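So you can see what is in the structure, the chains are spelled out below.
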Amino acid sequence: MMDDLGPLLVVLLIAAMAFVAILSLGPTPGVVVVVDAGHGGPDPGAVVAGIQEKDLNLALALLVQEKAKTAGLRVVLTRNTDTYVDLVERVRMAEALGAVLYVSIHANYHRDQRVCGVETWVDTNASAESARLAEALQRALVVATGAQDRGLRRQTLYLRHTRLPAALVEVGYLSCPGEREKLLDPDYQGRIAEGIVRGILAYLGK
Ligand SMILES: [Zn+2]
């Protein structure tokens, strides 16, 4: 009896593992990308003329999730409410989900209100893949919005805590009056979201 049970147990184990693997794919099988709405909760990010960056970031992240769905891309957000999530926790979440990449959404501030436009950031020690992702995002954002192209930039970022391709988009300057007006416009927000989705798809070769 014991000898016959061995193979049966192996078959059951394989079946159980397959079941867990299917479950882990989630409701929409396929590629998972993680999109982060910068700041949140007690951390508002930039605050200009009563506008809090965290709210704009969240609105854009939700739009990206919605638009990505039609492109067959599953987007998981690090937050979908006004809460603060620890920064390292955000990238850990992406790794735990088996995401293929990580994009963080921010809006910018400069004390000189003549500074306007789109930038994409990577960590100073970013991989070539992160730089490739950032370039794809920057290009697609500039095309989608027609905003000034301020290019790819590097600084020490928490994105260094993940090995996933990771980039941070600064979709415009809240301190630039003309751009601030656009950033609050639902149509323009839709174009930004479209740009981010297109950038991700371009990076993924789709
Ligand atoms: Zn920010």
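Scroll up for the structure.
Residues numbered from 1 in each chain as written. Predicted model: local features only at pLDDT ≥ 70, side-chain atom pairs only at ≥ 80, totals over all residues.

S.K.: Got a sec to walk through the overall build of the chain? Specific residues and values, please.
M.R.: Secondary structure assignment for the chain yields six helices and eight strands. Taken from the N to the C terminus, the helices and strands of the chain come in the order α-β-β-β-α-β-α-β-β-α-β-β-α-α. For the chain, long-range pairs separated by at least 24 residues make up 80% of all intrachain contacts whose partners lie at least 6 apart in sequence. (Helix = DSSP H or I, 4+ residues; strand = E, 2+ residues; numbered from the N terminus. Contact = placed C-beta atoms within 7 Å.)

S.K.: Give me the lowdown on helix 2 (residues 53-70), citing residues and values where you can.
M.R.: The end-to-end C-alpha distance of helix 2, which contains 18 residues, comes to 27 Å, matching closely the 26 Å that a straight helix rising 1.5 Å per residue would cover. Where helix 2 is concerned, the buried positions are Glu53, Lys54, Leu56, Asn57, Leu58, Leu60, Ala61, Leu63, Val64, Gln65 and Ala68. Of the residues flanking the end of helix 2, it is Gly72, one or two places downstream, whose phi is positive at about 75 degrees. (Expected span 1.5 Å × (residues − 1). Buried ≥ 20, exposed ≤ 12 C-beta atoms within 10 Å, placed from the backbone.)

S.K.: Which residues make up helix 4 (residues 128-145), and what are the values?
M.R.: With 18 residues, helix 4 extends 26 Å from end C-alpha to end C-alpha; this agrees with the ideal 26 Å at 1.5 Å per step. When helix 4 is considered as a whole, its buried residues turn out to be Ser130, Leu133, Ala134, Ala136, Leu137, Gln138, Ala140, Leu141, Ala144 and Thr145. Those residues of helix 4 hidden inside the fold are in contact with strand 5 (101-108), strand 6 (118-123), strand 7 (149-155), strand 8 (166-173) and helix 6 (186-203).

S.K.: Please provide a residue-by-residue account of the environment of Arg92, values included.
M.R.: By the element assignment, Arg92 lies in helix 3 (residues 87-96). Of the residues examined, Arg92 has 14 C-beta atoms within 10 Å and is grouped as partly exposed. C-alpha separation for the pair Arg92 and Thr162, spaced 70 residues apart in sequence, amounts to 7.2 Å.

S.K.: Please set out the packing of helix 2 against helix 6 residue by residue, giving values where relevant.
M.R.: Working note: a packed helix pair is described by the angle between its axes plus the distance between those axes. For the pair helix 2 and helix 6, interaxial distance at closest approach is 9 Å and the crossing angle is 60 degrees. Accordingly, the angle class assigned to the pair helix 2 and helix 6 is oblique. For the pair helix 2 and helix 6, the sense of crossing is right-handed. Each of Ala59, Leu60, Leu63, Val64, Lys67 and Ala68 in helix 2 lies in contact with helix 6, whose residues at this interface are Gln189, Gly190, Ile192, Ala193, Glu194, Ile196 and Val197. The residue inventory of the contact of helix 2 with helix 6, partitioned by class, reads nine nonpolar, two polar and two charged. (Axes fitted to C-alpha atoms, helices over the stretch in contact; angles between N-to-C directions. Parallel < 35°, antiparallel > 145°, perpendicular 65-115°, else oblique. Left-handed = near helix turned anticlockwise from the far one by under 90°. Nonpolar A, V, L, I, M, F, W, Y, C, P; charged D, E, K, R; others polar.)

Distances and angles like these do not, on their own, reveal function.
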